[in-house]
Number of protein chains: 2
Amino acid sequence: PSANGNGIRSPTCSSDHVLNLEQGDPAVFESYWRKMGDRCTMVISGCQLMSYISDFTNICWFMEPELEEAVRTLHCVVGNAVVDDRYIVVGTGSTQLYQAALYALTSPGGPEPVSVVSAAPYYSSYPEETDYLCSRLYKWAGDAYEFDKNGTGPYIEVVNSPNNPDGTLREAVVKSRGDEGKLIHDLAYYWPQYTPIIRLADHDIMTFTFSKSTGHAGSRIGWAVVKDKEIARKMSKFIEMSTLGVSKDSQQRAAKIMGVLCDGYQNCKSANKSDDLFFEHNRQIMAERWERLRQVVERNQVFCLPKYPKQYCLFSGELIEPYPGFAWLEAKEGEEIDSQKVLRGSIKVQGRTGRRFGVAEKYVRISLLSNEEVFKEFLERLSTIKSMSSNGH
Amino acid sequence: PSANGNGIRSPTCSSDHVLNLEQGDPAVFESYWRKMGDRCTMVISGCQLMSYISDFTNICWFMEPELEEAVRTLHCVVGNAVVDDRYIVVGTGSTQLYQAALYALTSPGGPEPVSVVSAAPYYSSYPEETDYLCSRLYKWAGDAYEFDKNGTGPYIEVVNSPNNPDGTLREAVVKSRGDEGKLIHDLAYYWPQYTPIIRLADHDIMTFTFSKSTGHAGSRIGWAVVKDKEIARKMSKFIEMSTLGVSKDSQQRAAKIMGVLCDGYQNCKSANKSDDLFFEHNRQIMAERWERLRQVVERNQVFCLPKYPKQYCLFSGELIEPYPGFAWLEAKEGEEIDSQKVLRGSIKVQGRTGRRFGVAEKYVRISLLSNEEVFKEFLERLSTIKSMSSNGH
């Protein structure tokens, strides 16, 4: 069995074994990197990468120059974010960068903590990542739509686009508040395997992560693209105080893997061997998963899935559909259904309840990023559900 | 030039170049690991270590089992800390574990933040790592001796032993406060290259770091040895919320390097090739540096250095002196001298002022962990100082 309890081999997929689809562990991308063989192999001798310091002349002094260059090249290849004349700040995953941004956008001594909001359904970790240290700098204030109607005072809105859990492309929703508001754009899923790249994003603070771009979650590498020098400096200072930098081993590994990915585009695009290219290959897998999922969901008539409009993708040059990393399932039968509980009880599938995302428990989020065997087992189990109420416990 | 501005090649050690000895970057250990050649080389293919999860059955679910085993073996080889029946929690350096411990030892809803204290001179990063998020859970309250006399209410005392900056072996100083106090033992330097191992440490929370034990600061790996299961759980939860785990690449690399270090002892101690053994080899280097440093300091009569008693070392079985990683220099001439400023102005050596450690600015901390070339240049420059006042700016 693999570390998250999901089996790699068949026996652990037997019907009495719980399928853990609660986290978004990106196992789906492993097969691509396995196919790449030695090209991404990282070799580090015992005497390398020993210093705290990467480059004292950079605001982000603990960032390996190779990673900065790889990040800039990757965005240029994909065209999903402006990087020219922008600062790059590396973090221990985008989790740390979110907190670095909250720190950078607030100051001690205010009368009240700054309100942090995001439109529901919002990413389930924002509330606790905002509040666990009981900071006097900022506090979680919930749904941005509610705040737009009834909130007062300074605020930070987190715009997660495509949104986790529901896959929608988003813009800020708090309006007409003058200079009181600041924005963090969490673009973890703004990559071509999940969504059409509808524009070159150009916001004040944009965060990305190695976990969702290439699937290397275990390395804990994220980065922010930042317009303002002082904000980049404060974010770097936060990471210095929080963890005194970011693993250089992982920074170098990320640089190498991103480099191989980009080389594929720079060398091969004209040769039209698109199945060897990371985004095309994995977009194809996501498209097939969504097709299979929609068939099962339509056949048993128990859940709805969001419908996503086709949009023009600047990366592929085609009109394409989003294929989000999560299925955001809504029970059709009634407001009172606890979908997470029903799925867990009736087919032993562990998702995450809508309550965690600030909405009703008739919603449940299911990861679509597992390996193929687990995904197939999930569909088989889902197809056996005929009604939510009769399956409930 | 290297990343911290100190030269690897001679030209950058020219006398107009500032020697940065402010941080404790452990470059001194690099030559040992270079000698080890390929034995510590880490190879990671593109499809490995991709999951967030290491082992969901462990309280610290993001800790690689190989690292946990290596940490336990290392402590058994050195005999510096009890690990049987203790929980291990991995962190992104001991910086993150210090904050995880503060979180674990406090609870929301108290009338006042818990006071965090440490005996002056205390590690210069404790105040800002405690206060940067303006938490309502805890606040920095300065010198533990002062607090023992005048403080009230619940507190956490951080015991740093051997102490950074002054190299002394320490015990808790706040006494007779009943159940109000909790302790964090920061044992970053409790390794045989720096100090006699005077006892098998057995405290509630003990933190260690890869940076100071083997010198691999760039990997950002630390660990805590924890007695209480709920404290270990809360520390793990903190790290989950702070960075969603710890780089697996670095965890695996640390496990490999610690394994090679321990293999040396398990295979070779009887063979008496002690110069190949990590702690003996590097203790020898530290001993030579301290001898050379004391000669210069005694010759020019401008500074005092602490005197350390010889103590029986359980690891080596000998009476030995401490050889701390920092020189804690005290100007002899008067209370008003700003030693950091004088050293920077007169010989272009950058240390860290005593003020940052909660004491007078006649003290300055200088790293002794640089590479040999920089250390030698430091001694040459230091030997040119004949008086503090006439050199001041």
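Bear in mind the structure is a predicted one, so any value in this text is a computation, not a measurement.

> Can you lay out the overall build of chain A for me, pointing to particular residues and giving the numbers?
Summing up its helical and strand segments, chain A has 12 helices and 16 strands in all. In terms of C-alpha radius of gyration, chain A reaches 21 Å, essentially the compact-globule figure of 21 Å for 393 residues. Residues counted as buried form 62% of the 393 residues belonging to chain A. Considering only contacts in chain A between residues 6 or more positions apart, those separated by 24 or more positions represent 73%. With 45 positive and 50 negative side-chain charges, chain A shows a spacing of 2 Å between the two charge centroids.

> Just give me the short version of the nonpolar core, but keep the residues and values in it.
Counting 242 residues, the largest nonpolar core has Trp33(A), Met235(A), Trp33(B) and Met235(B) as its most contacted members. With near-sequence residues (within four places) excluded, Trp33(B) lies in contact with Gly46(A), Cys47(A), Met50(A), Cys40(B), Thr214(B), His216(B), Ile257(B), Leu261(B) and Phe278(B).

> With reference to specific residues and values, describe the packing of helix H3 (residues 93–104) of chain B against helix H7 (residues 229–243) of chain B.
All names here are of chain B. Taken N-terminus to C-terminus, the directions of H3 and H7 make an angle of 120°; their axes are 8 Å apart at the nearest point. Taken together, the axis directions place H3 and H7 in an arrangement best described as oblique. Judged by the twist between their axes, the crossing of H3 over H7 is right-handed. Contacts from Gln96, Leu97, Gln99, Ala100, Ala101, Tyr103 and Ala104 of H3 reach H7 at Ile231, Lys234, Met235, Phe238, Ile239, Met241, Ser242 and Thr243.

> Describe the interface of chain B and chain A, naming the residues involved and giving the relevant values.
Listed per partner, the contact involves 67 residues of chain B and 67 residues of chain A. Between chain B and chain A lies a buried interface of about 5,500 Å² when both sides are counted; carbon and sulfur atoms form 57% of it. Of all residues in chain B, the largest losses of buried area upon contact with chain A belong to Met50(B), Tyr52(B) and Leu133(B), amounting jointly to 14% of the total for that side. A salt bridge links Asp249(B) to Arg253(A), with the shortest nitrogen-to-oxygen separation between them at 2.8 Å. Remark: the boundary between chain B and chain A carries 45 residue pairs in polar contact (both at pLDDT 80 or more). The greatest single-element share of the side of chain B that touches chain A, amounting to 6 residues, is contributed by H7(B).

> Help me get a handle on the relation of the copies chain B and chain A, residues and values and all.
Superposing chain B onto chain A takes a rotation of 180° combined with a translation of 0.0 Å along the rotation axis, leaving an RMSD of 0.0 Å. What the rotation and shift describe, once combined, is the action of a two-fold rotation axis. Here 100% of the contact residues of chain B are again contact residues in chain A; the copies associate through an equivalent surface.

> Tell me about empty space enclosed by the protein, and name the residues and values.
Evaluation of the coordinates by the stated rule reveals 4 cavities of 30 Å³ or more. In this model, the largest cavity occupies a volume close to 70 Å³. In this structure, the largest cavity is lined by Pro162(B), Asn163(B), Asn164(B), Pro165(B), Gly167(B), Tyr189(B), Tyr194(B), Pro324(B), Gly325(B) and Phe326(B). A class-by-class count of the residues in the lining of the largest cavity yields 6 nonpolar, 4 polar and no charged. A domain-level breakdown of the lining of the largest cavity finds at least three residues from each of domain 1 (10–34 + 275–382) and domain 2 (49–264) of chain B. The calculated volume of the second largest cavity comes to roughly 50 Å³. Lining the second largest cavity we find Pro162(A), Asn163(A), Asn164(A), Pro165(A), Gly167(A), Tyr189(A), Tyr194(A), Pro324(A), Gly325(A) and Phe326(A). The residue makeup of the lining of the second largest cavity, split by class, is 6 nonpolar, 4 polar and no charged.

> Outline the sheet that holds strand S13 (residues 326–331) of chain B, supporting the account with residue identities and numerical values.
Residue and element names in this part refer to chain B. Spatially, the 4 strands line up as an open sheet ordered S10-S13-S16-S15, and their pairing is antiparallel. On the outer flanks of this sheet lie strand S10 (303–304) and strand S15 (352–353), each paired with one strand and no other. As paired strands, S10 and S13 are joined by 2 bridges and run antiparallel to one another. The partner of Cys304 across the bridge, within S13, is Glu330. Together, S10, S13, S15 and strand S16 (363–367) form the strand contacts of helix H10 (residues 339–347), whose direction differs from that of S16 by roughly 55°.

> Outline the side chain of Gln96(B), supporting the account with residue identities and numerical values.
When you line up the elements, Gln96(B) lands in helix H3. Setting aside anything within four residues of it in sequence, one finds Gln96(B) in contact with Ser242(A), Thr243(A), Gly91(B), Phe238(B), Ile239(B), Ser242(B), Thr243(B) and Val246(B).

> Tell me about the domain arrangement of chain A, and name the residues and values.
Residues and elements named next belong to chain A. As far as domains go, chain A holds domain 1 (10–34 + 275–391) and domain 2 (50–264). Domain 1 and domain 2 are separated by 26 Å when their C-alpha centres are compared. At the boundary of domain 1 with domain 2, total buried surface from both sides reaches about 2,700 Å², with 66% on carbon and sulfur atoms. It is Trp33, Phe279 and Phe357 that lose the most area in domain 1 upon contact with domain 2, and together they represent 23% of the buried surface on that side.

> Please give an account of the environment of Cys313(A) that cites residues and values.
Residues and elements named next belong to chain A. Structurally, Cys313 is set in strand S11 (residues 311–313). The exposure class assigned to Cys313 is buried, which follows from its relative accessible area of 1%. For Cys313 and Arg199, which are 114 residues apart along the polypeptide, the C-alpha to C-alpha distance reads 8.1 Å. Residues in contact with Cys313, not counting those within four places in the same chain, are Pro196, Ile197, Glu318 and Ile320.

The rules behind the values
- Residues numbered from 1 in each chain as written.
- Chains lettered and ligands numbered in written order.
- Predicted model: local features only at pLDDT ≥ 70, side-chain atom pairs only at ≥ 80, totals over all residues.
- Heavy atoms only, no water.
- Helix = DSSP H or I, 4+ residues; strand = E, 2+ residues; numbered from the N terminus.
- Rg over C-alpha atoms; globule rule 2.2 N^0.38 Å.
- Buried < 20%, exposed > 50% of the residue type's maximum accessible area, 1.4 Å probe, protein only.
- Contact = heavy atoms within 4.5 Å.
- Lys, Arg positive; Asp, Glu negative; His and termini not counted.
- Charge placed at Lys NZ, Arg CZ, Asp CG, Glu CD.
- Core = buried A, V, L, I, M, F, W, Y, C linked by side-chain atoms within 4.5 Å.
- Axes fitted to C-alpha atoms, helices over the stretch in contact; angles between N-to-C directions.
- Parallel < 35°, antiparallel > 145°, perpendicular 65-115°, else oblique.
- Left-handed = near helix turned anticlockwise from the far one by under 90°.
- Buried area = accessible area lost by both parts, 1.4 Å probe.
- Salt bridge = Lys/Arg side-chain N within 4 Å of Asp/Glu carboxyl O.
- Polar contact = N/O pair within 3.5 Å; in protein donor to acceptor, adjacent residues only side chain to side chain.
- Least-squares fit on C-alpha atoms with pLDDT ≥ 70 in both.
- 1 Å grid on protein atoms, 1.4 Å probe; cavity = no way out; pocket = protein on both sides within 12 Å on 5 of 7 lines; lining within 4 Å.
- Points joined across faces, edges and corners; volume = space filled by probe spheres on them.
- Nonpolar A, V, L, I, M, F, W, Y, C, P; charged D, E, K, R; others polar.
- Domains from an automatic or database assignment.
- Pairing = 2+ DSSP bridges.

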